[in-house]
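# Reading the structure
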Amino acid sequence: MSGHEANERFVQETTVEPEHIARARAHALELGAAPISPAVGAQAAVISAASRALNIVEVGTGGGVSGLWLLHGSPRATITTIDSEPEHLGAARQAFADARVPAARARFITGRAADVLPRMNEASYDIVFIDADPEGVIEYVEHGLRLVRAGGTVLIPRVLSGGAVADPVRRDAITTAYRSLIQEVQASPAVIGALSTTGEGLLQLTTRPAQG
């Protein structure tokens, strides 16, 4: 086992997932959803807490797992969750109810992110979490950067695509899209970017305030 693999295993084994999130994960897996890993969830919770997030949008519910992690960091936040799969959205709704998330703090929208995001208010959110179909990831990130306030953060898990992005031989459309996204946004003067290799990877983009 390489040092990286040992580190990865240690992180996964030592990350403690709250019981209500673990229950949501078990149900999500039964449905065939693909929730984020506990390690990535814990990172998202820390960012949510550090941001003191009050308004969150997530694209792709993962059966409620990602939303519960974000609310674990900011329990006073209001979250809007978007998913094109009604069954996955229903599982998230049930997971939130089981976790006693007040109904007024959770909004559930069934639909394609490409249709829903353009209708949402600009510069109105503290965090936008994007865990949707990778074919549209660049478009969704563009919307996410428009939706967050100055100093807000866009989070994108799975950007390492199971190691494919780091393999220069891989040039399929999805891998190329992730690779381009990582390179372009981190070079942008409009954001502060960081890429975590924990779990399936997490790209973090915080917008800079406009220069006066």
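Residues numbered from 1 in each chain as written. Predicted model: local features only at pLDDT ≥ 70, side-chain atom pairs only at ≥ 80, totals over all residues. Heavy atoms only, no water.

## Side note on unusual backbone geometry
Excluding glycine, most residues fall at negative phi; most peptide bonds, likewise, are trans. Note the threshold: Under the scheme used here, helices are H or I runs from DSSP no shorter than 4 residues and strands are E runs no shorter than 2 residues, and both carry numbers assigned from the N terminus. Partly exposed residues are those whose accessible area sits between 20% and 50% of the maximum for their type, while under 20% is buried and over 50% is exposed, using a 1.4 Å probe and protein chains only.
The phi dihedral of Ala 123 falls on the positive side, at around 55°, and the residue is not glycine. Within the secondary structure, Ala 123 is located in the loop between α6 (113-116) and β4 (125-130). A relative accessible area of 45% places Ala 123 in the partly exposed class. Within the chain, Arg 158 stands out as a residue other than glycine whose phi angle is a positive 70°. You can see Arg 158 is positioned in the loop between β5 (148-157) and α8 (173-186).

## Quick look at the packing of helix α2 (residues 19-31) against helix α4 (residues 65-73)
The test is simple: Throughout, an axis means a line fitted to C-alpha atoms (over the contacting stretch in the case of helices), and angles, computed between N-to-C directions, take values from 0 to 180 degrees. Angle categories: roughly parallel below 35 degrees, roughly antiparallel above 145, roughly perpendicular from 65 to 115, and oblique for all the rest. Throughout, a residue-residue contact means that at least one pair of heavy atoms, one from each residue, lies within 4.5 Å. Amino acids are sorted into nonpolar (Ala, Val, Leu, Ile, Met, Phe, Trp, Tyr, Cys and Pro), charged (Asp, Glu, Lys and Arg) and polar (every other residue, Gly among them).
Closest axis-to-axis distance for the α2/α4 pair is 9 Å, and the angle between their directions is 170°. As the angle between them shows, α2 and α4 are arranged roughly antiparallel. Taken together, the residues of α4 that come into contact with α2 (itself represented by His 20, Ile 21, Ala 24 and Arg 25) are Val 65, Leu 68, Trp 69 and His 72. Looking at the contact of α2 with α4 residue by residue, the classes come out as five nonpolar, two polar and one charged.

## Focus on the confidence of the model for the protein chain
Condition: Think of pLDDT as the predictor's per-residue confidence, scored from 0 to 100.
Summing up the model confidence of the protein chain, the mean pLDDT is 90 and the portion of residues at 70 or higher is 97%. The spread of mean pLDDT over the elements of the protein chain runs between helix α1 (residues 3-14), the lowest at 75, and β4, the highest at 98.

## Looking at the side chain of Ser 37
Relative to the helices and strands, Ser 37 is located in the loop between α2 and α3 (38-51). In contact with Ser 37, not counting residues within four places along its chain, are Gln 12, Arg 25, Gly 199 and Glu 200.

## Side note on the sheet that holds strand β3 (residues 106-110)
Note the following rule: Two strands pair under a simple rule: DSSP has to find at least two bridges between them.
Read across the sheet, seven strands follow the order β3-β2-β1-β4-β5-β7-β6 without closing on themselves; strand pairing throughout is mixed. Two strands lie at the open edges of the sheet, namely β3 and β6 (191-196), each paired on one side alone. The average undirected angle you get between the axes of adjacent strands in this sheet is 15°. Pairing analysis gives five bridges linking strand β2 (residues 78-83) to β3, with the strands arranged parallel. Of the residues in β3, the one forming a bridge with Ile 82 is Ile 109. Docked against the sheet, helix α5 (residues 86-98) engages β1 (55-59), β2 and β3, running at close to 170° with respect to β3.

## Details of the nonpolar core
Rules: Nonpolar core, defined: a set of buried Ala, Val, Leu, Ile, Met, Phe, Trp, Tyr and Cys residues in which side-chain atoms within 4.5 Å join the residues together.
In this structure, Ile 82, Leu 117, Met 120, Val 128, Ile 156, Leu 203 and Leu 205 are the most contacted members of the largest nonpolar core, which totals 28 residues. Only β1, α6, β4, α7 (137-147), β5, α8 and β7 (202-207) provide two or more residues apiece to this core. In terms of nonpolar packing, the next biggest core, distinct from the first, is built from 27 residues, Ala 53, Leu 70, Ala 92 and Val 101 among them.

## Describing the environment of Glu 85
In this fold, Glu 85 is placed in the loop between β2 and α5. Each C-alpha atom of the pair Glu 85 and Val 40 lies 22 Å from the other, and the pair is 45 residues apart in sequence.

## Things to note about the pairing of β2
This is how it is decided: A clockwise course of the path from the first strand over the helix to the second, judged with the strands pointing away from the viewer, identifies a crossover as right-handed.
For β2, the tally of buried residues reaches five of six residues, placing the bulk of the element in the interior. Between the parallel pair β1 and β2, the chain is carried across by α4, and the sense of this crossover is right-handed.

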